[in-house]
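# Descriptive analysis of the structure
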Amino acid sequence: MKRSVYTTIVLCLLLGGCTPAGPAPEQTTSPPPSPSEPQSTQALAAETPEPEAPLGSGEIVYQEGVEPLTAEQEAAIHAYMTAAYEALARLEEPDFAALFTNQTQAAASEAGISLQIALRTMTEGVDYSLTGYRYTLNCRETAVNGDGTVSFQALETSVQNFAQFPGVDSERGRNFHSFVLAETSEGWLVQSHMQYDTLYGRLMDGGDWQGDFAQAYIDAMPAFLEEIRSAQAARAEAGDGDAALPVAEHPYDRAAALAYADQYAMTRNDSWADFSYSGGNCQNYVSQCLLAGGIPADPYGDAVWTYGGEGYERSGSWASVSQFVSYAAANTGYGLAAQVGAPYGSGQPGDIIQMGDGDGEGWHHTVLIRDVVTNGSGAVVDYLVNSNTNDMRNYPASLYGYPVFALTRIAGWND
């Protein structure tokens with residue numbers, strides 16, 4: 001399916017979504033098994049467990065002017081979303097065979113969820129199962145295709161409640177989904193589904209998003225997962241290391257940076273340009289957080305970090321992850337004092353993490369640490385982070401699915 005340019009989401013009245021459950025059926029008492037019925041059948045009936053109730057729920061909302069799906073078509077999408085989240089919640093491998101008309105597509109979607117389950121079980125000492133979840137699919141396009149299938153594109157916003165963090169809502173936004181639904185003798189089923197993740201990005205980089213990538217995704221997943229596993233093991237082996245920060249005449253106001261990060265993780269500050277649809281807003285967001293924490297713009301010398309105004313233009317380092325890392329590493333004198341490439345386990349709230357996929361083309365994403373995640377021994381094993389573009393708030397860094405992470409510690413700034 002061809003990738004279209006993201007448009008600004010304008011939520012409208014709820015036109016469709018989960019149909020409220022009807023009244024519970026009248027309970028009846030079954031007669032006891034006949035004495036002539038084999039004992040094994042009686043035992044099997046007694047041991048058959050009741051289906052587990054879903055741990056969460058979801059809804060579909062439509063942008064103004066978008067034709068809503070029928071209740072049956074929505075039900076096919078909700079069936080997929082519920083199965084996916086229940087697999088993540090219980091950390092159990094999914095089975096999408098009955099939900100799809102195309103079993104290669106089903107297997108590709110299963111591989112994507114299996115990759116997430118592997119990420120959630122990779123960090124020792126933490127429990128990334130879910131106690132609850134809720135999702136909203138913000139639909140921006142539906143279409144009836146020439147062959148009678150129906151296309152549905154949406155950006156998902158979700159809240160996940162990890163068992164590791166009681167009472168914490170881990171939020172994720174702008175997660176792209178594309179469904180194609182087909183009507184069969186069994187009702188409406190999913191013909192194909194694409195949910196953007198890091199592996200999809202790697203496979204589709206440079207393409208026009210046309211064609212069937214399902215088998216390519218299935219084939220690439222095991223090696224990609226092993227790459228992530230090896231990189232995480234290397235970070236764990238390195239430990240905390242030497243976390244000595246450079247000298248800073250003025251401290252970094254971490255509390256102010258975190259307050260700004262919380263306010264604008266899932267939305268945008270209208271006073272700033274938004275690069276979400278033109279390369280990504282992640283570094284622009286992190287740069288704003290640092291500015292809110294007292295780090296001044298730096299237009300002086302060869303290493304500069306500026307956002308425009310006051311007689312100077314916005315520098316590449318303001319919105320580019322790789323260029324910001326270069327600035328932070330090279331800057332001396334006035335402005336930011338930071339430790340680039342700090343030991344990964346030494347991070348504190350307000351520090352930042354760069355992420356990449358090891359393809360030699362630099363960094364692709366950056367996030368701000370909101371909190372540290374420790375195991376039973378008190379060792380730092382992960383971070384809760386905030387970010388933009390794929391908007392996140394209080395979300396585990398390790399679940400992004402990038403193999404390569406690097407920590408930049410913020411000391412403060414110098415005159």
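Residues numbered from 1 in each chain as written. Predicted model: local features only at pLDDT ≥ 70, side-chain atom pairs only at ≥ 80, totals over all residues. Heavy atoms only, no water.

### Structural notes on the environment of phenylalanine 179
Defined as follows: Counting from the N terminus, the helices are DSSP H or I runs at least four residues long and the strands are E runs at least two residues long. Each residue's exposure class comes from its accessible area (1.4 Å probe, protein chains only) as a fraction of the maximum for that residue type: buried when under 20%, exposed when over 50%, partly exposed otherwise. Whether two residues are in contact is decided by their heavy atoms, any of which lying within 4.5 Å being enough.
Relative to the helices and strands, phenylalanine 179 is located in strand β4 (residues 170-184). You can call phenylalanine 179 buried: its relative accessible area is 0%. Taking the C-alpha atoms as reference points, phenylalanine 179 and phenylalanine 152, separated by 27 residues in sequence, lie 5.1 Å from one another. Residue contacts for phenylalanine 179: discarding those within four places in its chain leaves Ile77, Tyr80, Met81, Val150, Ser151, Phe152, Val190, Ser192 and His193.

### Some remarks on helix α7 (residues 282-292)
Most of α7 is tucked away: nine of the eleven residues are buried. Buried within α7 are the following residues: Cys282, Gln283, Asn284, Tyr285, Val286, Ser287, Gln288, Cys289 and Leu290. Glycine 294 occupies a position one or two residues after α7 and carries a positive phi of about 95°.

### Remarks on the side chain of serine 398
Looking at the element boundaries, serine 398 is found in the loop between β13 (391-396) and β14 (404-414). The buried category is assigned to serine 398, whose relative accessible area is 10%. Excluding residues that lie within four positions of it along the chain, serine 398 makes contacts with Leu119, Thr123, Tyr128, Asp382 and Phe405.

### Thoughts on the pattern of salt bridges
Short version of the rule: When a carboxyl oxygen of Asp or Glu lies within 4 Å of a side-chain nitrogen of Lys or Arg, that pair is called a salt bridge.
Summed over the entire model, instances satisfying the criterion amount to 13 salt bridges. One salt bridge in this structure joins arginine 254 and aspartate 351, with 3.0 Å as the shortest N-O distance. Highlighted residues: arginine 254 in helix α6 (residues 254-264) and aspartate 351 in the loop between β9 (335-342) and β10 (352-356), separated in sequence by 97 residues. Judged by relative accessible area, which is 21%, arginine 254 ranks as partly exposed. Judged by relative accessible area, aspartate 351 falls into the buried class, the value being 0%. Between arginine 268 and aspartate 391 there is a salt bridge whose closest N-O contact spans 2.9 Å. Here arginine 268, found in the loop between α6 and α7, pairs with aspartate 391, found in strand β13; they are 123 residues apart in sequence, far enough to count as distant.

### With respect to the packing of aromatic side chains
To keep it simple, the criterion reads: Note on aromatic contacts: the rings of Phe and Tyr and the six-membered ring of Trp form a pair at centre separations within 6.5 Å, being stacked when their planes are under 30 degrees apart, edge-to-face when over 60 apart, and tilted otherwise.
A complete count under the given rule lists 25 aromatic pairs for this structure. Seen in terms of ring centroids, phenylalanine 162 and phenylalanine 165 are 6.3 Å apart; in terms of plane orientation they differ by 75°. Their pairing is edge-to-face. Taken as a pair, phenylalanine 162 and phenylalanine 165 share a single burial class, namely buried. Each residue in the set Trp272, Trp305, Tyr307, Trp318, Phe324 and Tyr327 is aromatic and connected to the rest through ring pairs, giving one cluster.

### Details of the packing of helix α3 (residues 103-120) against helix α5 (residues 214-238)
What counts here: A fitted line through C-alpha atoms represents every axis, and for helices the fit uses only the stretch in contact; the resulting angles, taken between N-to-C directions, go from 0 to 180 degrees. Note that the term roughly parallel is reserved for angles under 35 degrees, roughly antiparallel for angles over 145, roughly perpendicular for angles of 65 to 115, and oblique for everything else. Less than a right angle of anticlockwise turn of the near helix away from the far helix marks a crossing as left-handed, whereas a clockwise turn marks it as right-handed. Three residue categories are used. Nonpolar comprises Ala, Val, Leu, Ile, Met, Phe, Trp, Tyr, Cys and Pro, charged comprises Asp, Glu, Lys and Arg, and polar comprises the others, including Gly.
Close contact between α3 and α5 brings their axes to 8 Å; oriented N to C, the two are set at 15°. Considering their axes alone, α3 and α5 lie roughly parallel with respect to each other. You can see that α3 and α5 cross each other, and the crossing is left-handed. The segment α3 lies against α5, with Thr104, Gln105, Ala107, Ala108, Ala111, Gly112, Ser114, Leu115, Ala118 and Leu119 engaging Ala214, Gln215, Tyr217, Ile218, Met221, Phe224, Leu225 and Ile228. Residue composition of the contact of α3 with α5, by class: 13 nonpolar, five polar and no charged.

### Examining the environment of glutamine 73
In this structure, glutamine 73 sits in helix α2 (residues 71-90). Sequence separation between glutamine 73 and glycine 187 is 114 residues; the distance between their C-alpha atoms is 8.7 Å. Here glutamine 73 is in contact with Val150, Leu181 and Trp188, once residues within four sequence places are set aside.

### As for the nonpolar core
Rules: Within this scheme, the nonpolar core is defined by two criteria: the residues are buried Ala, Val, Leu, Ile, Met, Phe, Trp, Tyr or Cys, and they are joined through side-chain atoms within 4.5 Å.
Formed by 69 residues in total, the largest nonpolar core has its most connected members in Ile77, Tyr80, Phe152 and Ile353. The element contributing the most residues to this core is α2, with nine residues. If sequence neighbours within four positions are ignored, isoleucine 77 has contacts with Ile60, Leu69, Leu137, Phe152, Phe179 and Leu181. In this structure, Tyr285, Trp305, Tyr327 and Ala338 belong to the second largest nonpolar core, which totals 24 residues.

### Observations regarding the pairing of strand β5 (residues 187-195)
What counts is decided by this rule: Two strands make a pair as long as DSSP finds a minimum of two bridges between them.
Alignment of β4 against β5, held across eight bridges, turns out to be antiparallel. From the neighbouring strand, histidine 177 faces β5, where its bridge partner is glutamine 195. Connecting β4 to the next strand, β5, in antiparallel fashion are two residues.

### Examining unusual backbone geometry
Phi is positive for threonine 389, which is not a glycine, with a value near 85°. Examined against the element boundaries, threonine 389 turns out to sit in the loop between β12 (380-387) and β13. The class of threonine 389 is partly exposed, set by a relative accessible area of 23%. In this model, asparagine 394 sits at a positive phi of 60°, which is unusual for a non-glycine residue. Along the polypeptide, asparagine 394 turns up in strand β13.

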